[in-house]
Amino acid sequence: MTTKTRTYKINADGWSIAGCAHIYAPAGQAGEYAKLAANPYKGCGHACAYCYVPSVLRMDRATFDAGAHPRPGFIDTLRKDAAKYQACGITEQVMLSFTTDPYHPGDYTLTRTVLETLQAFGLGVCTLTKGGRRALRDLDLFRPGRDAFASTLTSLDDAFSLKWERGAALPTDRMATLQAFHAAGIFTWVSLEPTLDTASSLAIIEATHEFVDLYKIGRANYLPMTNKTDWRDYTLRILEVVNRLGVRHYIKHDLQSYLPAGYHNPKYIDQHW
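Residues numbered from 1 in each chain as written. Predicted model: local features only at pLDDT ≥ 70, side-chain atom pairs only at ≥ 80, totals over all residues. Heavy atoms only, no water.

Regarding the pairing of strand β7 (residues 187-192)
Among the six residues in β7, six count as buried, and that is most of the element. A two-sided burial pattern is seen for β7, the buried positions comprising Phe 187, Trp 189 and Ser 191 on one face and Thr 188, Val 190 and Leu 192 on the other. With five bridges connecting them, strand β6 (residues 148-152) and β7 associate as parallel partners. Bridged to Ala 150 within β7 is Trp 189. Sheet topology note: the β7/strand β8 (residues 214-217) ladder contains four bridges and is parallel. Looking at β8, one finds that Leu 192 is bridged to Ile 217. Handedness of the crossover joining β7 and β8 through helix α7 (residues 198-208) is recorded here as right-handed. (Buried < 20%, exposed > 50% of the residue type's maximum accessible area, 1.4 Å probe, protein only. Helix = DSSP H or I, 4+ residues; strand = E, 2+ residues; numbered from the N terminus. Pairing = 2+ DSSP bridges. Right-handed = clockwise from strand over helix to strand, strands pointing away.)

The following block contains the structure:
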């Protein structure tokens, strides 16, 4: 008896598969964060004033901010996608999430099932969240040498965060969660984007570098308050800090024109030990 093996088309990037509904290769600025991603929910609930997602999804901001809801039939379709990746021998990390938060303030039960499903089909996982300690529920699933945990930080000041990210966990909570994952041997990284205040981003690196393994550093777009920011000065100050502390980092495209000629700035750094 002959068993037929179905083949799938691997896209030109070498790590994404054509025809998948939920596992995809993010493009543009999002593509600087991860090779693969998935978004289990629609909406968020963190109500970040700077969030661009409602306009991208063409959702009313009030509806988006009201809370996150599971996408219908997400797990069944995710299994089909993940099986295609397994058949092709692709084991990249899949990041949750770009258009929502895996640890949003509502019912995030689905997130654990998503992580377990991706892992069952041989894929790595990474979560990017402002949910703080909510993520600790799933710490046992993260595998040293395979998975990663990340958080967005815009300030060390709780009052500043409450103004801009009123539904998100406070910075102290997010940093404590990064410490917990790092202590468990999980690769951790921080998104310093958007940069709402340059001094704050510099202070974040100084305060967290002992338990953060990588910083992804960008700027802020479409925010009038940053129109007069000296981004060249900011980039050079960032370089002084990260090189003095010896921390790994990636300077995103919008700041790369300010890098010294020949500066080593790899787009993708292995997000595991």
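Some details on the side chain of Asp 138
Within the secondary structure, Asp 138 is located in the loop between β5 (124-129) and β6. Side chain to side chain, Asp 138 and Arg 137 meet in a polar contact 2.8 Å long. Ignoring any residue separated from it by four or fewer positions in sequence, one finds Asp 138 in contact with Tyr 103, Thr 111, Arg 112 and Leu 115. (Polar contact = N/O pair within 3.5 Å; in protein donor to acceptor, adjacent residues only side chain to side chain. Contact = heavy atoms within 4.5 Å.)

Points about the packing of aromatic side chains
A complete count under the given rule lists ten aromatic pairs for this structure. For the ring pair Tyr 33 and Trp 189, a centre distance of 5.8 Å and an interplane angle of 40° mean the geometry is tilted. A residue pair is termed long-range when its members are at least 10 positions apart, and Tyr 33 in the segment before β1 (36-37) and Trp 189 in strand β7 qualify at 156 residues. With a centroid separation of 5.6 Å and an interplanar angle of 75°, the aromatic rings of Tyr 103 and Tyr 108 are classed as edge-to-face. Judged on exposure class, the residue Tyr 103 and its partner Tyr 108 are both buried. Among the aromatic residues, ring-to-ring pairing joins Tyr 33, Phe 98 and Trp 189 into one connected group. (Phe/Tyr/Trp six-rings, centres within 6.5 Å; stacked < 30°, edge-to-face > 60°.)

Some remarks on helix α4 (residues 109-120)
Relative to the 16 Å expected for twelve residues at 1.5 Å per residue, α4 spans 18 Å between its end C-alpha atoms, a close match to the ideal helical length. Listing the buried residues of α4 in full gives Leu 110, Thr 111, Val 114, Leu 115, Thr 117, Leu 118 and Gln 119. If you follow the buried residues of α4, they end up packed against β2 (41-42), β3 (69-70), α3 (74-87), β4 (93-96) and β5. At the C-terminal side of α4, Gly 122 shows a positive phi close to 85°. (Expected span 1.5 Å × (residues − 1).)

Some words on the pattern of salt bridges
In total, this model carries 13 salt bridges according to the counting rule given. Here Asp 138 ties to Arg 137 by a salt bridge, and the two come within 2.8 Å at their closest N and O atoms. Between Arg 244 and Glu 240 there is a salt bridge, with its nearest N and O atoms 2.9 Å apart. Of this pair, Arg 244 and Glu 240 both sit in helix α8 (residues 231-245), four residues apart, which is roughly one turn of that helix. Classification of Glu 240 by relative accessible area gives partly exposed; the value is 41%. (Salt bridge = Lys/Arg side-chain N within 4 Å of Asp/Glu carboxyl O.)

A word on the sheet that holds strand β9 (residues 249-251)
Taken in spatial order, the seven strands of this open sheet run β1-β4-β5-β6-β7-β8-β9, and their pairing is parallel. Two strands bound the open sheet, and with one partner strand each, they are β1 and β9. Across four bridges, the pairing between β4 and β5 is parallel. Residue pairing for β5: Met 95 is matched across the bridge by Cys 126. Most of the contacts of helix α6 (residues 171-183) go to β6, to which it runs at about 165°, and overall it touches β6 and β7. (Axes fitted to C-alpha atoms, helices over the stretch in contact; angles between N-to-C directions.)

Things to note about the environment of Val 241
Considering the arrangement of structural elements, one finds Val 241 in helix α8. The class of Val 241 is buried, set by a relative accessible area of 6%. A C-alpha to C-alpha distance of 33 Å links Val 241 and Leu 141, two positions 100 residues apart in sequence. When neighbours within four sequence positions are excluded, Val 241 is seen to be in contact with Leu 202, Ile 205 and Glu 206.

Focus on the nonpolar core
Ile 23 and Ile 217 are the most contacted members of the largest nonpolar core, which has 53 residues in total. Secondary structure elements with two or more residues in this core: α3, β4, α4, α6, β7, α7, β8 and α8. In terms of residue count, α8 provides more of this core than any other element does, six residues in total. The residues contacting Ile 23, other than those within four sequence positions of it, are Leu 36, Ala 37, Leu 78, Asp 81, Ala 82, Tyr 85, Val 94, Leu 118 and Leu 123. Core analysis: the next-biggest nonpolar cluster, separate from the first, contains 13 residues, Met 95, Ala 148, Phe 187 and Trp 189 among them. (Core = buried A, V, L, I, M, F, W, Y, C linked by side-chain atoms within 4.5 Å.)

Shape is all these values report; function is a separate question.
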